[in-house]
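Each chain, written out:
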Amino acid sequence: MEFYDVVIIGGGAAGLTSAIYSCRKSLKTLLIKGPHPGGETALTKNIENYPGYEKGSGSELMDSFERQAKKFGTEFIEDLVINVSKKSNKFLVKLESNKEFESKTVILAFGRKRRKLNIPGEDKFLGRGLSTCTICDAPLFAKKVVAVIGGGNSAVEGAVELSSIAKKTFLIHRREDFKADEITVKEMKKKKNVELVLNTMPLEILGENFVTGLKIKDLKTNKEKTIPLEGVFTEIGYDTDTTIVKDMVDKNELGEIIVDLKCKTKTPGLFAAGDLTLVPYKQTVISAGQGSIAALEAHKYILELKRK
Ligand SMILES: Cc1cc2nc3c(=O)[nH]c(=O)nc-3n(C[C@H](O)[C@H](O)[C@H](O)COP(=O)(O)OP(=O)(O)OC[C@H]3O[C@@H](n4cnc5c(N)ncnc54)[C@H](O)[C@@H]3O)c2cc1C
């Protein structure tokens with residue numbers, strides 16, 4: 001079994017930055033990319049707030065992160081981690097493909113999972129007119145009538161994106177005000193083919209083989225109605241799924257992994273960086289910053305292990 005100094009779980013901004021810093025400390029480093037190489041950043045068409053990168057796509061930015069990590073010697077695997085455990089001072093990382101690796105340290109950088117609505121039709125129509133990623137799937141709904149459910153940045157940006165692709169977009173949100181940035185909300189409100197359906201809750205996704213409508217309830221009047229649709233996008237936030245590390249980490253009331261300023265979890269040698277932590281703003285630059293801290297701290301931990 002291969003033995004590493006650092007195994008990094010996740011191929012987004014946090015994981016790739018950890019890999020760069022870890023290799024530059026001459027640590028033998030393996031990065032397991034998971035299902036979405038480049039992470040959430042790679043889904044963003046335009047990223048304009050990453051310092052030094054004035055304008056360009058998120059996937060180009062993440063490709064350059066990966067090239068840089070490769071240049072310094074990171075080994076990559078496209079696989080899914082299914083379990084992490086620790087015995088004495090060694091971590092054992094198990095992959096879906098049955099491969100296993102041992103490591104002195106592990107950096108968790110696997111981001112968050114998109115939240116579900118938990119309404120009838122959701123499982124049946126996923127991939128059949130129901131999408132959980134507007135930025136990824138909007139082009140499939142050219143000239144169609146669609147709805148985006150949610151009120152945060154992803155939902156509002158999604159509605160803006162769809163306004164130039166779909167015939168009409170309903171933005172369905174259970175509140176009156178939006179969590180999304182004001183500037184993005186303003187941009188959405190200018191779009192003539194985006195209709196806001198506020199104080200409204202989705203009840204059921206309807207259809208035979210493909211989505212044909214959405215049953216909704218007005219939360220002010222309690223009246224129910226059906227909107228005929230050809231597509232539905234859910235953009236209702238995220239959860240941090242820590243099943244693979246079970247009780248090796250503590251979580252806060254939002255379900256995020258608790259780390260200190262040095263990205264340490266409660267388990268010695270286990271670090272966490274990026275969106276999955278309690279860091280308040282979920283941004284590429286912040287994930288990258290935490291990724292660097294986690295790797296530098298992993299290096300320090302390994303030096304201390306040697307000294308003992
Ligand atoms: C639509 C949208 C637009 C955005 N726009 C901006 C923006 O303009 N500027 C900005 O700064 N931020 C933006 N963000 C936020 C930014 O994308 C995130 O903060 C950033 O991607 C977080 O990076 P991360 O590495 O922590 O996690 P992620 O990017 O989520 O990466 C997680 C990685 O973990 C991997 N993974 C998951 N599970 C496993 C597993 N079990 N085993 C192995 N690997 C696993 C995934 O494949 C992925 O590679 C945007 C986000 C969205 C959704």
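Residues numbered from 1 in each chain as written. Predicted model: local features only at pLDDT ≥ 70, side-chain atom pairs only at ≥ 80, totals over all residues. Heavy atoms only, no water.

Colleague: Give me the lowdown on the side chain of Thr17, citing residues and values where you can.
Modeller: Within the element layout of this structure, Thr17 appears in helix α1 (residues 13-24). The residues contacting Thr17, other than those within four sequence positions of it, are Phe65, Ala288, Gly291 and Ser292. (Helix = DSSP H or I, 4+ residues; strand = E, 2+ residues; numbered from the N terminus. Contact = heavy atoms within 4.5 Å.)

Colleague: Quick rundown of unusual backbone geometry? Include the residues and the values.
Modeller: The phi dihedral of Ser26 is positive, around 60 degrees, even though this residue is not glycine. The phi torsion at Cys263 lies on the positive side, around 65 degrees, for a residue other than glycine. Mapped onto the elements, Cys263 comes out in the loop between β16 (238-239) and β17 (270-272).

Colleague: So what's going on with the pattern of salt bridges? Which residues, and what values?
Modeller: Counted under the stated rule, the structure contains 19 salt bridges. Across the pair Lys28 and Glu75 runs a salt bridge whose closest N-O atoms are separated by 3.3 Å. Placement of the pair is Lys28 in the loop between α1 and β2 (29-32) and Glu75 in strand β3 (residues 75-77), with a sequence separation of 47 residues. For Lys168, the salt bridge identified is with Glu195, shortest N-O distance 2.6 Å. Here Lys168 is found in strand β10 (residues 168-172), whereas its partner Glu195 is found in strand β11 (residues 194-197), with 27 residues between them in sequence. The network of salt bridges with common partners includes Lys33, Glu66, Lys70 and Glu78. (Salt bridge = Lys/Arg side-chain N within 4 Å of Asp/Glu carboxyl O.)

Colleague: Would you mind going over the pairing of strand β12 (residues 200-207) in detail, with residue names and values included?
Modeller: Here β12 runs beside strand β13 (residues 211-218); their pairing, made up of seven bridges, is antiparallel. The residue bridging Leu206 from the neighbouring strand is Gly213, located in β13. (Pairing = 2+ DSSP bridges.)

Colleague: Talk me through the packing of aromatic side chains; I want residue IDs and the actual numbers.
Modeller: Applying the stated criterion across every chain, the model contains four aromatic pairs. On the basis of an interplanar angle of 80 degrees and a centroid distance of 6.3 Å, the ring pair of Phe271 and Tyr301 is categorised as edge-to-face. Within this pair, whereas Phe271 is found in strand β17, its partner Tyr301 is found in helix α7 (residues 284-307), the two being separated by 30 residues in sequence. One exposure class covers both Phe271 and Tyr301, and it is buried. Lying over the aromatic face of Phe3, Lys90 brings its terminal NZ or CZ to 5.7 Å of the ring centre. Positioned over the ring face of Tyr238 is Arg112, at 4.2 Å from the centre of the ring. (Phe/Tyr/Trp six-rings, centres within 6.5 Å; stacked < 30°, edge-to-face > 60°. Buried < 20%, exposed > 50% of the residue type's maximum accessible area, 1.4 Å probe, protein only. Lys NZ or Arg CZ within 6 Å of the ring centre and 35° of its normal.)

Interpretation in functional terms is not warranted from these geometric data alone.
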